[in-house]
Amino acid sequence: MARIVKEEEYAVKRNAILEAAQRLIYTKGYEQMTIQDMLDDLQISKGAFYHYFDSKQAVLEALVERMGEEALQLLVPIVHDPALPALDKFQRYLATANRWKIGQKAFFLALLRVWFTDDNAVVRQKLRAIGIREIAPLLSEIICQGIQEGVMTTTYPDQVGEVIASLAQDAGENIGALLLSFDPERVLGVPAGSLTLVDDQTLKEWFASPISKEVEVKS
(Lines give C-alpha, C1' and ligand atoms only; values in the text may rest on other atoms or scores of the structure.)
Protein backbone atom coordinates (compact mmCIF):
# COMPACT_ATOMS: atom_id res chain seq x y z
CA MET A 1 0.00 0.00 0.00
CA ALA A 2 2.82 2.41 0.92
CA ARG A 3 4.43 1.82 -2.48
CA ILE A 4 1.16 2.61 -4.27
CA VAL A 5 0.79 5.84 -2.30
CA LYS A 6 4.35 6.87 -3.18
CA GLU A 7 3.76 6.13 -6.86
CA GLU A 8 0.58 8.22 -6.79
CA GLU A 9 2.40 11.09 -5.06
CA TYR A 10 5.19 10.88 -7.61
CA ALA A 11 2.68 11.02 -10.49
CA VAL A 12 0.85 13.98 -8.93
CA LYS A 13 4.01 16.02 -8.40
CA ARG A 14 5.39 15.16 -11.83
CA ASN A 15 2.08 16.15 -13.40
CA ALA A 16 2.15 19.46 -11.50
CA ILE A 17 5.47 20.30 -13.17
CA LEU A 18 4.00 19.46 -16.57
CA GLU A 19 0.96 21.65 -15.88
CA ALA A 20 3.23 24.55 -14.90
CA ALA A 21 5.34 24.06 -18.00
CA GLN A 22 2.27 24.06 -20.23
CA ARG A 23 1.00 27.30 -18.65
CA LEU A 24 4.38 28.93 -19.17
CA ILE A 25 4.60 27.76 -22.77
CA TYR A 26 1.28 29.51 -23.43
CA THR A 27 2.31 32.72 -21.66
CA LYS A 28 6.04 32.98 -22.41
CA GLY A 29 6.77 30.46 -25.14
CA TYR A 30 8.92 27.36 -24.82
CA GLU A 31 12.15 29.06 -25.87
CA GLN A 32 11.74 31.85 -23.31
CA MET A 33 10.59 29.55 -20.52
CA THR A 34 13.35 28.51 -18.09
CA ILE A 35 13.59 25.85 -15.44
CA GLN A 36 13.70 28.68 -12.91
CA ASP A 37 10.32 29.89 -14.19
CA MET A 38 8.87 26.46 -13.37
CA LEU A 39 10.51 26.48 -9.94
CA ASP A 40 9.08 29.92 -9.19
CA ASP A 41 5.62 28.94 -10.43
CA LEU A 42 5.49 25.86 -8.22
CA GLN A 43 7.62 27.16 -5.35
CA ILE A 44 9.89 24.11 -5.44
CA SER A 45 13.65 23.62 -5.36
CA LYS A 46 15.94 22.63 -8.21
CA GLY A 47 16.51 19.33 -6.46
CA ALA A 48 12.78 18.64 -6.46
CA PHE A 49 12.57 19.43 -10.19
CA TYR A 50 15.53 17.22 -11.12
CA HIS A 51 13.97 14.36 -9.20
CA TYR A 52 11.36 14.19 -12.00
CA PHE A 53 13.09 15.65 -15.07
CA ASP A 54 16.73 16.02 -16.02
CA SER A 55 16.24 18.92 -18.46
CA LYS A 56 13.78 21.32 -20.03
CA GLN A 57 13.79 19.14 -23.14
CA ALA A 58 12.73 16.16 -21.02
CA VAL A 59 9.73 18.22 -19.89
CA LEU A 60 8.83 18.91 -23.53
CA GLU A 61 9.06 15.22 -24.37
CA ALA A 62 6.86 14.30 -21.40
CA LEU A 63 4.29 16.94 -22.36
CA VAL A 64 3.98 15.58 -25.89
CA GLU A 65 3.77 12.01 -24.59
CA ARG A 66 1.01 13.04 -22.17
CA MET A 67 -0.94 14.66 -24.99
CA GLY A 68 -0.66 11.45 -26.99
CA GLU A 69 -2.03 9.49 -24.04
CA GLU A 70 -4.96 11.90 -23.80
CA ALA A 71 -5.72 11.35 -27.49
CA LEU A 72 -5.62 7.58 -27.04
CA GLN A 73 -8.16 7.83 -24.21
CA LEU A 74 -10.56 9.37 -26.73
CA LEU A 75 -9.80 6.98 -29.58
CA VAL A 76 -9.60 3.58 -27.89
CA PRO A 77 -13.30 3.51 -26.83
CA ILE A 78 -14.29 4.20 -30.44
CA VAL A 79 -12.20 1.31 -31.75
CA HIS A 80 -13.55 -1.08 -29.10
CA ASP A 81 -17.22 -0.05 -29.49
CA PRO A 82 -19.02 -3.31 -30.47
CA ALA A 83 -22.03 -1.43 -31.82
CA LEU A 84 -20.18 0.51 -34.51
CA PRO A 85 -19.68 -0.86 -38.04
CA ALA A 86 -16.11 -0.58 -39.34
CA LEU A 87 -16.66 2.32 -41.74
CA ASP A 88 -18.56 4.37 -39.13
CA LYS A 89 -15.84 3.53 -36.63
CA PHE A 90 -13.11 4.69 -39.02
CA GLN A 91 -14.96 7.93 -39.75
CA ARG A 92 -15.59 8.63 -36.08
CA TYR A 93 -11.96 7.83 -35.27
CA LEU A 94 -10.71 10.36 -37.84
CA ALA A 95 -13.23 13.03 -36.81
CA THR A 96 -12.34 12.65 -33.13
CA ALA A 97 -8.61 12.78 -33.85
CA ASN A 98 -9.07 15.96 -35.90
CA ARG A 99 -11.18 17.64 -33.22
CA TRP A 100 -8.57 16.77 -30.62
CA LYS A 101 -5.80 18.28 -32.75
CA ILE A 102 -7.79 21.47 -33.25
CA GLY A 103 -8.33 21.64 -29.49
CA GLN A 104 -4.54 21.52 -29.00
CA LYS A 105 -3.86 24.09 -31.72
CA ALA A 106 -2.57 26.84 -29.41
CA PHE A 107 -0.11 24.45 -27.78
CA PHE A 108 1.12 23.08 -31.11
CA LEU A 109 1.63 26.58 -32.51
CA ALA A 110 3.49 27.66 -29.37
CA LEU A 111 5.91 24.76 -29.85
CA LEU A 112 6.12 24.86 -33.63
CA ARG A 113 9.43 26.66 -34.11
CA VAL A 114 11.36 24.86 -31.40
CA TRP A 115 9.87 21.47 -32.33
CA PHE A 116 11.57 21.50 -35.72
CA THR A 117 15.03 22.50 -34.52
CA ASP A 118 17.92 20.07 -34.91
CA ASP A 119 18.16 19.80 -31.11
CA ASN A 120 14.76 18.09 -31.04
CA ALA A 121 15.35 15.76 -33.99
CA VAL A 122 15.91 12.75 -31.73
CA VAL A 123 12.84 13.60 -29.63
CA ARG A 124 10.70 13.94 -32.77
CA GLN A 125 11.88 10.59 -34.09
CA LYS A 126 11.32 8.87 -30.75
CA LEU A 127 7.81 10.24 -30.33
CA ARG A 128 6.98 9.45 -33.95
CA ALA A 129 7.92 5.81 -33.35
CA ILE A 130 5.85 5.74 -30.15
CA GLY A 131 2.87 7.27 -31.97
CA ILE A 132 2.97 4.74 -34.78
CA ARG A 133 3.35 1.89 -32.31
CA GLU A 134 0.28 3.05 -30.36
CA ILE A 135 -1.94 4.03 -33.29
CA ALA A 136 -1.22 1.30 -35.84
CA PRO A 137 -2.86 -1.54 -33.83
CA LEU A 138 -6.04 0.52 -33.39
CA LEU A 139 -6.28 1.14 -37.13
CA SER A 140 -5.50 -2.50 -37.86
CA GLU A 141 -8.30 -3.57 -35.54
CA ILE A 142 -10.78 -1.43 -37.47
CA ILE A 143 -9.45 -2.79 -40.77
CA CYS A 144 -9.81 -6.40 -39.56
CA GLN A 145 -13.41 -5.66 -38.61
CA GLY A 146 -13.97 -4.11 -42.04
CA ILE A 147 -12.64 -7.26 -43.70
CA GLN A 148 -15.01 -9.41 -41.64
CA GLU A 149 -17.92 -7.17 -42.59
CA GLY A 150 -16.96 -7.32 -46.26
CA VAL A 151 -16.42 -3.58 -46.66
CA MET A 152 -12.60 -3.76 -46.83
CA THR A 153 -10.51 -6.13 -48.89
CA THR A 154 -6.87 -5.66 -47.94
CA THR A 155 -4.87 -8.84 -47.32
CA TYR A 156 -2.46 -7.25 -44.85
CA PRO A 157 -4.42 -5.34 -42.18
CA ASP A 158 -1.50 -5.00 -39.78
CA GLN A 159 0.82 -3.54 -42.39
CA VAL A 160 -1.89 -1.25 -43.76
CA GLY A 161 -2.62 0.02 -40.24
CA GLU A 162 1.05 0.84 -39.82
CA VAL A 163 1.21 2.58 -43.19
CA ILE A 164 -1.83 4.75 -42.40
CA ALA A 165 -0.42 5.63 -38.97
CA SER A 166 2.88 6.57 -40.59
CA LEU A 167 1.15 8.68 -43.23
CA ALA A 168 -0.80 10.50 -40.52
CA GLN A 169 2.45 11.30 -38.70
CA ASP A 170 4.03 12.50 -41.95
CA ALA A 171 1.03 14.70 -42.74
CA GLY A 172 1.20 16.34 -39.31
CA GLU A 173 4.92 17.03 -39.62
CA ASN A 174 4.54 18.38 -43.17
CA ILE A 175 1.76 20.74 -42.13
CA GLY A 176 3.90 21.95 -39.23
CA ALA A 177 6.91 22.50 -41.48
CA LEU A 178 4.77 24.42 -43.99
CA LEU A 179 3.32 26.64 -41.27
CA LEU A 180 6.82 27.30 -40.00
CA SER A 181 8.26 28.24 -43.39
CA PHE A 182 5.22 30.14 -44.69
CA ASP A 183 5.58 33.32 -42.65
CA PRO A 184 5.67 36.30 -45.05
CA GLU A 185 5.04 38.84 -42.29
CA ARG A 186 8.25 37.75 -40.54
CA VAL A 187 10.17 37.88 -43.84
CA LEU A 188 8.87 41.34 -44.71
CA GLY A 189 9.23 42.68 -41.19
CA VAL A 190 5.68 44.06 -41.08
CA PRO A 191 3.47 43.99 -37.94
CA ALA A 192 1.74 40.69 -37.20
CA GLY A 193 -1.78 40.56 -38.60
CA SER A 194 -1.20 43.36 -41.10
CA LEU A 195 -1.37 41.06 -44.14
CA THR A 196 -4.24 38.83 -45.25
CA LEU A 197 -2.86 36.62 -48.00
CA VAL A 198 -6.00 34.51 -48.39
CA ASP A 199 -9.38 35.74 -47.20
CA ASP A 200 -12.17 33.48 -45.92
CA GLN A 201 -14.25 33.79 -49.09
CA THR A 202 -11.34 32.73 -51.29
CA LEU A 203 -10.77 29.68 -49.11
CA LYS A 204 -14.44 28.77 -49.41
CA GLU A 205 -14.22 29.05 -53.20
CA TRP A 206 -11.15 26.80 -53.32
CA PHE A 207 -12.64 24.12 -51.09
CA ALA A 208 -16.24 24.21 -52.36
CA SER A 209 -17.15 21.18 -54.44
CA PRO A 210 -17.66 22.11 -58.13
CA ILE A 211 -20.43 19.50 -58.30
CA SER A 212 -22.35 21.10 -55.45
CA LYS A 213 -21.97 24.53 -57.07
CA GLU A 214 -23.29 23.14 -60.37
CA VAL A 215 -26.31 21.67 -58.59
CA GLU A 216 -26.88 24.96 -56.85
CA VAL A 217 -26.89 26.85 -60.17
CA LYS A 218 -29.31 24.37 -61.79
CA SER A 219 -31.72 24.50 -58.89
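Residues numbered from 1 in each chain as written. Predicted model: local features only at pLDDT ≥ 70, side-chain atom pairs only at ≥ 80, totals over all residues. Heavy atoms only, no water.

Draft legend 1. Representation of the packing of helix α4 (residues 56-79) against helix α5 (residues 86-103) within the structure. Taken N-terminus to C-terminus, the directions of α4 and α5 make an angle of 155 degrees; their axes are 9 Å apart at the nearest point. Taken together, the axis directions place α4 and α5 in an arrangement best described as roughly antiparallel. Relative to α5, the crossing made by α4 is right-handed. Between α4 and α5, the contacting residues are M67, E70, A71, L74, L75, I78 and V79 on the first element and K89, R92, Y93, T96, A97 and W100 on the second. Class assignment of the residues belonging to the contact of α4 with α5 gives a composition of nine nonpolar, one polar and three charged. (Axes fitted to C-alpha atoms, helices over the stretch in contact; angles between N-to-C directions. Helix = DSSP H or I, 4+ residues; strand = E, 2+ residues; numbered from the N terminus. Parallel < 35°, antiparallel > 145°, perpendicular 65-115°, else oblique. Left-handed = near helix turned anticlockwise from the far one by under 90°. Contact = heavy atoms within 4.5 Å. Nonpolar A, V, L, I, M, F, W, Y, C, P; charged D, E, K, R; others polar.)

Draft legend 2. Structural detail: the packing of aromatic side chains. Tallying each qualifying case throughout the model produces six aromatic pairs. Summarising the aromatic geometry, the rings of W100 and F108 are spaced 6.1 Å apart at their centres and angled 75 degrees between planes, so their arrangement reads as edge-to-face. Here W100 falls in the buried class, since its relative accessible area comes to 15%. F108 gets classed as partly exposed once you look at its relative accessible area, which sits at 36%. An angle of 55 degrees between the planes, with centres 6.4 Å apart, marks the rings of F107 and F108 as tilted. Owing to a relative accessible area of 1%, F107 belongs among the buried residues under this scheme. Taken together, the ring pairs in this structure connect Y26, W100, F107 and F108 into an aromatic cluster. Geometry around Y30 places K56 over its ring, the cationic atom sitting 4.4 Å from the centre. (Phe/Tyr/Trp six-rings, centres within 6.5 Å; stacked < 30°, edge-to-face > 60°. Buried < 20%, exposed > 50% of the residue type's maximum accessible area, 1.4 Å probe, protein only. Lys NZ or Arg CZ within 6 Å of the ring centre and 35° of its normal.)

Draft legend 3. Layout of the confidence of the model for the protein. Residues with a pLDDT of 70 or more make up 79% of the protein, whose mean pLDDT is 82. Within the protein, the element-level pLDDT minimum falls on helix α11 (residues 210-218), averaging 46, and the maximum on helix α2 (residues 35-42), averaging 95. With pLDDT under 50 throughout, residues 211-219 is counted as low confidence; its partners more than four residues away or in other chains account for two contacts. (pLDDT = per-residue confidence, 0-100.)

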